[in-house]
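# Summary of structural features
What follows is each chain in one-letter form.
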Amino acid sequence: MNFEKVGTFGLIVIGLLVVYRLGRWFRSGPISPDPWDSEVSTALGREDCVPLCHHCLTPHDVQRNFCPNCGAPVGTYTNLLPFVYLFSIGHTLRVGTGETFKRSPVTTIGFFLLGLIQYSVFAPFYWFKFWKNAHAARESSPSPSAPSDISGNNAN
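Residues numbered from 1 in each chain as written. Predicted model: local features only at pLDDT ≥ 70, side-chain atom pairs only at ≥ 80, totals over all residues. Heavy atoms only, no water.

## Quick word on the nonpolar core
Listed in full, the 8 residues of the largest apolar core are Ile89, Leu93, Val95, Phe101, Phe111, Leu114, Tyr126 and Phe130. Sorting the residues of this core by element identifies α3 (84–98), α4 (105–118) and α5 (123–140) as the ones contributing at least two each. Aside from chain neighbours lying at most four places away, what touches tyrosine 126 is Leu93, Gly96, Thr97, Phe111 and Gly115. (Core = buried A, V, L, I, M, F, W, Y, C linked by side-chain atoms within 4.5 Å. Buried < 20%, exposed > 50% of the residue type's maximum accessible area, 1.4 Å probe, protein only. Helix = DSSP H or I, 4+ residues; strand = E, 2+ residues; numbered from the N terminus. Contact = heavy atoms within 4.5 Å.)

Below is the structure:
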């Protein structure tokens, strides 16, 4: 009998058992309550409810694919439409090169990989612009030692 095959089979069985137990553990946990109260839920379900852009909070028509103010993809199926999807990817790449976003290792790696996947030939140019934007935002951010109020004035 081949010990490698038996060992591989044993590891597969143990892995499946771990996945099964983990799934049961997640299902047995408490169900989190709906974050909205009944008033908000009914307001969101009304016909006259106006959708807002997630990027700039400008009201837009339900049938629109992109925000009329900032150009962010706001349509329900925008990312699923073959041609319109390209404009949605373009907006995401523009955010990385020209706007502020939450900088973390995950988003930085994500922007680099998205640039590589979408535009492999032009990826170095995109990375240069992205890196330049990341450093410009870091240099222009206020120092954390000086607390400020909402208006941006120093509290001292």
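## Examining the pattern of salt bridges
For the structure on display, the rule yields 1 salt bridge. For arginine 46, the salt bridge goes to aspartate 48, with nearest N and O atoms at 3.0 Å. By relative accessible area, which is 49% here, arginine 46 ends up partly exposed. (Salt bridge = Lys/Arg side-chain N within 4 Å of Asp/Glu carboxyl O.)

## Some thoughts on the side chain of asparagine 133
Looking at the secondary structure, you find asparagine 133 in helix α5. A polar contact is formed between the side chain of asparagine 133 and the backbone oxygen of glycine 96, at a distance of 3.0 Å. Once residues within four sequence positions are removed from consideration, asparagine 133 is found in contact with Val95, Gly96, Thr97, Gly98, Glu99, Phe101 and Arg103. (Polar contact = N/O pair within 3.5 Å; in protein donor to acceptor, adjacent residues only side chain to side chain.)

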